[in-house]
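Coordinate inspection notes
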Amino acid sequence: MSPQDIIIRPFKPADRAQVRKISCDTAFMGEPLEKFFDDREAFADIATAYYTEYEPESLFVAEYENSIVGYLTGCKDTCRFKKIFFWRILPGAALRSFFRGALFRKKTLKLIFSLLRSFLKGELRRPDYSEEFPAHLHINVQDSYRQLGAGTRLMEEYLEYLKKNNIGGLHLYSLSAIGQEFFKKMNFVRIFSQRVSYFEYLNLKEVYVFCFAKRLQEYF
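Owing to the predicted nature of the structure, the values given are computational and were not obtained by experimental measurement.

Further remarks concern the packing of helix H5 (residues 150-164) against helix H6 (residues 177-185). As a packed pair, H5 and H6 sit with axes 11 Å apart at the nearest point and diverge in direction by 50°. In this view, H5 runs oblique relative to H6, as classed from their interaxial angle. Along this stretch, H5 crosses H6, giving a crossing that reads as right-handed. Residues Gly 151, Thr 152 and Met 155 of H5 touch H6, and the partners they reach there are Phe 182, Phe 183 and Lys 185. Looking at the contact of H5 with H6 residue by residue, the classes come out as three nonpolar, two polar and one charged.

Here we come to the nonpolar core. Counting residues in hydrophobic clusters, the biggest one holds 30 residues, and the most contacted among them are Leu 137, Met 155, Tyr 158, Leu 170 and Phe 188. At the level of elements, strand S2 (59-64), strand S3 (67-75), strand S4 (135-141), H5, strand S5 (169-174), H6 and strand S7 (207-215) are the ones that each hand at least two residues to this core. It is H5 that contributes the most residues to this core, seven residues altogether. Not counting residues up to four positions away in its chain, the partners in contact with Leu 137 are Leu 72, Thr 73, Gly 74, Met 155, Tyr 158, Leu 170, His 171, Leu 172 and Phe 188.

Within the open sheet, the seven strands sit side by side as S1-S2-S3-S4-S5-S7-S6. Their pairing is mixed. What marks the edges here is a single partner per strand, and that holds for strand S1 (7-10) and strand S6 (189-196). Neighbour-to-neighbour, the strand axes of the sheet open up by a mean angle of 25°, direction not taken into account. The pairing of S5 with S7 spans six bridges and is classified as antiparallel. Bridged to Tyr 173 within S7 is Cys 211. Here H5 sits on the sheet in contact with S1, S2, S3, S4, S5 and S7, set at roughly 160° to S4.

What counts, and where the lines are drawn
Residues numbered from 1 in each chain as written. Predicted model: local features only at pLDDT ≥ 70, side-chain atom pairs only at ≥ 80, totals over all residues. Heavy atoms only, no water. Axes fitted to C-alpha atoms, helices over the stretch in contact; angles between N-to-C directions. Helix = DSSP H or I, 4+ residues; strand = E, 2+ residues; numbered from the N terminus. Parallel < 35°, antiparallel > 145°, perpendicular 65-115°, else oblique. Left-handed = near helix turned anticlockwise from the far one by under 90°. Contact = heavy atoms within 4.5 Å. Nonpolar A, V, L, I, M, F, W, Y, C, P; charged D, E, K, R; others polar. Core = buried A, V, L, I, M, F, W, Y, C linked by side-chain atoms within 4.5 Å. Buried < 20%, exposed > 50% of the residue type's maximum accessible area, 1.4 Å probe, protein only. Pairing = 2+ DSSP bridges.

This is the structure:
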């Protein structure tokens, strides 16, 4: 296997199931979702449904031997994303999870109560960067393909796409130390950090959320 064997291309509807699976397999800072949450369907809806259903043209995948090994979910307008996410996607995912009985599972309840404590402590508040950096992204690549340049090529494809759409800047959030090094390598600048406690019940006491941003004028 070589980097040339990996194909970077736009998302197709047939890729949906594989994108959802990877989102769950890498959900916990690169590790599987089951570390902290019991409902794969609900998480995949929350993590990917906006991008696959409402803005598929901004989603790119890395393919190897007819299988998806990574993806980049992008959004050109974060304000639009927030309206659709909070009014359609999140309520729908919660309701379906309720009817499946997943909201009452032990891991799920622990996470919900932990997030509620963090919310009351103000840890979930984030600055609004949507005017200066209107686009955003999330990128996930399976572990064995991260050293073959799949992430870099996905990012380059997305940046070129934003250039063609005259987008002036983008931002992203990350909990992953590996991810932070990657974004720095791609010339993103850290503009915000916040210590969060919602994973303390998993004995992770020094977890930080970082926001990185990049102006795109240099691409014009």
